[in-house]
Amino acid sequence: MTNTLSTWAGAAALAYAGFFGAQVARADSLGTPTDKPILTISGEITNKNVGDTAQFDRAMLEKMGMVTIETTTPWYKGPMKFEGVPMEKLMADVGAKGQHVVAYALNDYTTEIPMEDFSKHHPILALKRNGEYMPVKDKGPLFVVYPYDSEAELKSQIFYSRSAWQVARLVVK
């Protein structure tokens, strides 16, 4: 009986450690900001690194893997190259479980973005425009950018209004 009990207890301890170890590993995989955070994500997320939020400095976002979108926009003359983190990847990394993301800009502008946009239209959270970090006075530090030239439907007020700039916070709902 003792042998069976100790085997069961050992298996339970391993399962417990494995479950909570996986939870910790996911949270640790975000890392923690070593510089001033430029993005805070909260709401329905499972992976957090600062209290009930996931916070990122510029280096952390870049480390996630940047992609480039070259597209025209209504805000700039001619095609621009934007570099940033795919919103789909960012949401996966924080374990987002909601249906929408509300983007909050530094100037208190807000917009609601359906989560399905991230896999369907592949917008990015851009940090750079034409190879340079975007300053706050010119839509930085973060700008939600869709590949507007890739689909006719993206060249509409619906998607332009979802393209928040000066993004500081994302809330998953």
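Everything quoted here is computed from the prediction, not taken from an experiment. (Residues numbered from 1 in each chain as written. Predicted model: local features only at pLDDT ≥ 70, side-chain atom pairs only at ≥ 80, totals over all residues. Heavy atoms only, no water.)

## Quick word on the environment of Met60
Secondary-structure assignment places Met60 in helix α2 (residues 58–63). Assessed through its relative accessible area of 11%, Met60 is described here as buried. Considered as a pair, Met60 and Pro37 are 23 residues apart in the sequence and their alpha carbons are 9.2 Å apart. Setting aside its immediate chain neighbours within four residues, Met60 contacts Leu30, Gly31, Thr32, Pro33, Asn49 and Gln55. (Helix = DSSP H or I, 4+ residues; strand = E, 2+ residues; numbered from the N terminus. Buried < 20%, exposed > 50% of the residue type's maximum accessible area, 1.4 Å probe, protein only. Contact = heavy atoms within 4.5 Å.)

## Comments concerning the sheet that holds strand β1 (residues 39–43)
Across the sheet, five strands lie side by side as β2-β1-β10-β5-β6; this open sheet has mixed pairing. Each edge of the sheet is formed by a strand with only one pairing partner; in this case those strands are β2 (54–56) and β6 (110–114). Adjacent strand axes in the sheet meet at a mean angle of 20 degrees when their direction is disregarded. Of the strand pairs in this sheet, β1 and β2 are connected by three bridges, and their pairing is antiparallel. Bridge pairing links Ile41 to Ala54 in β2. (Pairing = 2+ DSSP bridges. Axes fitted to C-alpha atoms, helices over the stretch in contact; angles between N-to-C directions.)

## Here's the deal with the side chain of Thr71
Checked against the element boundaries, Thr71 lands in strand β3 (residues 67–71). The buried category is assigned to Thr71, whose relative accessible area is 1%. At 3.2 Å, the side chain of Thr71 forms a polar contact with the backbone nitrogen of Tyr148. When near neighbours in sequence (up to four residues on either side) are disregarded, Thr71 contacts Gly78, Pro79, Met80, Phe82, Val145, Tyr146, Pro147, Tyr148 and Asp149. (Polar contact = N/O pair within 3.5 Å; in protein donor to acceptor, adjacent residues only side chain to side chain.)

## Regarding the packing of aromatic side chains
Two descriptors summarise a pair of aromatic rings, namely the distance from one centre to the other and the angle between the planes of the rings. Applying the stated criterion across every chain yields a total of 10 aromatic pairs. For the pair Trp75 and Tyr160, a centre-to-centre distance of 5.7 Å together with 75 degrees between the ring planes defines the contact as edge-to-face. Here Trp75 is found in the loop between β3 and β4 (80–86), whereas its partner Tyr160 is found in helix α5 (residues 157–162), with 85 residues between them in sequence. Trp75 gets classed as partly exposed once you look at its relative accessible area, which sits at 24%. Taken together, a centroid distance of 6.3 Å and an interplanar angle of 50 degrees make the contact between Tyr76 and Phe82 tilted. Like Phe82, Tyr76 is buried. (Phe/Tyr/Trp six-rings, centres within 6.5 Å; stacked < 30°, edge-to-face > 60°.)

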